[in-house]
Amino acid sequence: MKKLAVLISGAFLLMNTAFAGGILTNTNQSAQFVRMLSRNASTDLDAVYFNPAGLTQLQNGFYFGLHNQTITQTKKVDSKFPWLNDGYYEGDVKVPVFPSAFAVYKLDNWAFSAGFGPNGGGGSATFDRGLPSFEIPLTKLVPGLAGLQQLPAPLNYNISAYDADLSFDGSSVFWGIQIGATYKVNKVVSGYLGVRYLPAVNTYSGYIRDIQLNVNGQMQPAKSWLSTLSGNISALATQASAASTQLSGTATKLQQVVDGGGGSLTLAELQEAGMISQTERLQIEGGLQSFGYSPSQISTINVLTTKTSFSTAATQYAGQAAVLTGTANNLSGTAAGLADKNVDTQQNGAGWTPIIGANFNISEQLNIGLRFEYKTQLVLTNKTKVDDLGLFPDGGKSRNDLPSILAIGVGYKPVKWLDTQLSYNLFFDKGVDWGYNTRDLAIYKNLDQTKIRHREIEHNYWELALGLQFNLSDKFAVSVGGMKSASGIADSYQSDFSFSNPSVTGALGIQWKVNDRLTFDAGALNTFYKDATVSFTDPDAGTYKETLGKTTFDFAFGIGYKIF
């Protein structure tokens, strides 16, 4: 039961949230994306992010754009771990403000651009009931204390249930600040070179409080009740040890009589010979009675038999003392691990992402955009206020890299009233170390580290999207889009703290060109994730399954303005 504190300490671990894109990356960087889902061949202002090499297709001038998204996401975990009170958990991710901004200065063959937006994370997740990784260690209190029923009355307690107050909040945002330059080589080819600075902030706060046990039908505060019980059992152990010492002393004295040739004498004969006093005889006879001998038996058994009985009883009491001491120590260790636990920490760090791009303006109808983002190496440093579990030592460092990305887009305008875009994103997740499975860490960290699985990637994450814009007039357009995402993670990656599911997304929206300088965009998308069912193996409860799912809704609006 001492390992319970270790198991609970494994509960507070990292959670990553992304809304559109790979495991960590947000590609939902503009209202235009939200309304049509495919922008990798864009030659509008949001090309600063999606297709920066295409910015030379803009007319000369200075452009500025500002966008915001309001995002809600529901995460669901349905655990079939057999000892949970209720295995269904639901967490809400709320992002009322998800801003992005773009600026471009275009002059002849050159375009200089800057962009800003949450390239990773950007939300706050709240699980009011915690997560299975929090609660599973607590469930083991009940079977772990079943042995109490074997203790002698009144210590033979029946522990039938548990309860606790659990909560977890986590937020994560990786801000992207991007600058770069685009050069038009000729009327067809343009190239881009840029860099993104990525300051990152993760915050985690949570607690496990008020752990209780149902003892003989009544809820009791677990820590204080187990501490009291440990003290009572320890007192019994002391009494058993003292009894063993006393019995052993009597046996030693009787052994001296046996060694002197008096092993065949009765206790009465021993007293008559002056070898023991009447008081000692009565004490020895009282001991024999406690062992189950009748008065008639006591009057006839000899010293050798009496000595053997006392030696046997002394050994038994010593064994009881050892068992009771071990039980008391285990209960004391368990009680210490059930104190209220709080965590409040922030992780800060920054990385750099080199970006290159190319654009091929084949004709007025056909445009092709390419973008490659290099791997972002990101080291986070803990700034910890409270860490009762010792998971986030103040000043400690950890890696949280973002993978390389290849983005390809094809824009085609078959007729004046229709714009089409096909986009493909490939996230090189296999090139990133994703660490270890958090559930395995919570269970096996101090038990058997060989059973902690490394989070593996079977194939790189990819997205394929098609967007259609219907130009109803020179000023007004409507758009729709669809996207298919295939997450390439293995089962070893998945846990309640971080999971990635394949999905399909649908989107629609509008564009309104208010005048020659001002454009307004608005849109909404909904992402439907396929539930993932994964298996875990627990050393105490065996193999069980969990189903992990989520849904995302995103509403966005933005403006683009040509200053001159």
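What you see is a predicted model, and the numbers here were worked out from it, not measured in a lab.

Caption draft 1: Structural detail: the overall build of the chain. Across its full length, the chain holds 11 helices and 18 strands. In terms of overall dimensions, the chain is more spread out than a globule: its C-alpha atoms have a radius of gyration of 36 Å, far above the 24 Å expected for 564 residues. Across its three principal axes, the chain shows a C-alpha extent of roughly 125 × 40 × 35 Å. A separation of at least 24 residues holds for 73% of the contacts in the chain among residues at least 6 apart in sequence. By element, 56% of the accessible surface of the chain is carried by carbon and sulfur atoms, the whole surface being about 24200 Å².

Caption draft 2: Up close: the packing of aromatic side chains. Counting across every chain of the model gives 19 aromatic pairs. Measuring from centroid to centroid gives 4.8 Å for tryptophan 110 and tyrosine 183, while their planes differ by 50 degrees, and the two rings are tilted. Taken as a pair, tryptophan 110 in strand E3 (residues 110–127) and tyrosine 183 in strand E4 (residues 159–184) lie far apart in primary sequence, 73 residues in all. Ring centres 6.2 Å apart and planes at 65 degrees place the aromatic pair phenylalanine 372 and phenylalanine 428 in the edge-to-face group. In this pair, phenylalanine 372 is assigned in strand E8 (residues 366–373) and phenylalanine 428 in the loop between strand E12 (418–427) and helix H11 (438–444), connecting sequence segments 56 residues apart. Cluster of aromatic residues (ring-pair linked, three or more members): Phe81, Trp83, Phe536 and Tyr544. When the ring centre of tyrosine 49 is taken as reference, the NZ or CZ atom of arginine 371 above it lies at 4.9 Å. Just above the ring of tyrosine 493 sits the side chain of arginine 455; from NZ or CZ to the centre is 4.3 Å.

Caption draft 3: Region of the structure containing the pairing of strand E9 (residues 379–387). In terms of strand pairing, strand E7 (residues 341–361) meets E9 through eight bridges, oriented antiparallel. For aspartate 344, the partnering residue across the bridge sits in E9 and is valine 386. Pairing analysis gives three bridges linking E9 to strand E10 (residues 397–399), with the strands arranged antiparallel. Its bridge partner lying in E10, valine 379 is registered against arginine 399.

Caption draft 4: Molecular detail of a nonpolar patch on the surface. Residues Phe64, Leu66, Tyr105, Leu107, Trp110, Phe112, Tyr183, Val185, Ile559, Tyr561, Ile563 and Phe564 make up a contiguous nonpolar surface patch of roughly 1100 Å² in combined accessible area. Counting residues per element, the ones that place at least two in the nonpolar patch are strand E1 (61–79), strand E2 (88–107), E3 and strand E18 (542–562).

Caption draft 5: Here's a closer look at helix H4 (residues 132–139). Within H4, eight of the eight residues are buried, which leaves the element mostly enclosed by the surrounding structure. Those residues of H4 lying buried are Pro132, Ser133, Phe134, Glu135, Ile136, Pro137, Leu138 and Thr139.

Caption draft 6: The nonpolar core, seen in detail. Judged by nonpolar contacts, the single largest core of 52 residues is most densely connected at Leu148, Ile159, Leu213, Trp225, Leu226, Leu229 and Ile233. Per-element tally for this core: the top contributor is helix H6 (residues 222–259), with six residues. Residues within four places of tryptophan 225 in sequence aside, it is in contact with Leu148, Tyr157, Ile159, Val215 and Gln220. Of all hydrophobic cores here, the second largest spans 21 residues; its members include Val48, Val104, Ala111 and Leu525.

Caption draft 7: How the structure looks around the pairing of strand E14 (residues 476–486). For strand E13 (residues 461–471) and E14, the ladder comprises 10 bridges, and the chain directions are antiparallel. Note on E14: the bridge partner recorded for leucine 466 is glycine 482. The turn joining E13 and E14, which pair antiparallel and follow one another in sequence, is formed by four residues. Pairing analysis gives 10 bridges linking E14 to strand E15 (residues 503–513), with the strands arranged antiparallel. In the sheet register, alanine 477 faces E15, and the bridge partner there is glutamine 511.

Caption draft 8: Up close: the packing of H6 against helix H10 (residues 303–337). Orientation of H6 relative to H10, taken along the N-to-C sense of each, is 160 degrees, at an axis distance of 7 Å. Relative to H10, the element H6 is oriented roughly antiparallel. Crossing of H6 against H10: the hand is left-handed. Of the residues contributing to the contact of H6 with H10, the split by class is 24 nonpolar, 14 polar and two charged.

Analysis parameters
- Residues numbered from 1 in each chain as written.
- Predicted model: local features only at pLDDT ≥ 70, side-chain atom pairs only at ≥ 80, totals over all residues.
- Heavy atoms only, no water.
- Helix = DSSP H or I, 4+ residues; strand = E, 2+ residues; numbered from the N terminus.
- Rg over C-alpha atoms; globule rule 2.2 N^0.38 Å.
- Contact = heavy atoms within 4.5 Å.
- Areas by Shrake-Rupley, 256 points an atom, 1.4 Å probe, with all protein chains shown as cover.
- Phe/Tyr/Trp six-rings, centres within 6.5 Å; stacked < 30°, edge-to-face > 60°.
- Lys NZ or Arg CZ within 6 Å of the ring centre and 35° of its normal.
- Pairing = 2+ DSSP bridges.
- Patch = residues over 30% accessible without salt bridge, like charges linked within 9 Å, V, L, I, M, F, W, Y side chains within 5 Å.
- Salt bridge = Lys/Arg side-chain N within 4 Å of Asp/Glu carboxyl O.
- Buried < 20%, exposed > 50% of the residue type's maximum accessible area, 1.4 Å probe, protein only.
- Core = buried A, V, L, I, M, F, W, Y, C linked by side-chain atoms within 4.5 Å.
- Axes fitted to C-alpha atoms, helices over the stretch in contact; angles between N-to-C directions.
- Parallel < 35°, antiparallel > 145°, perpendicular 65-115°, else oblique.
- Left-handed = near helix turned anticlockwise from the far one by under 90°.
- Nonpolar A, V, L, I, M, F, W, Y, C, P; charged D, E, K, R; others polar.

By themselves these figures say nothing about function.
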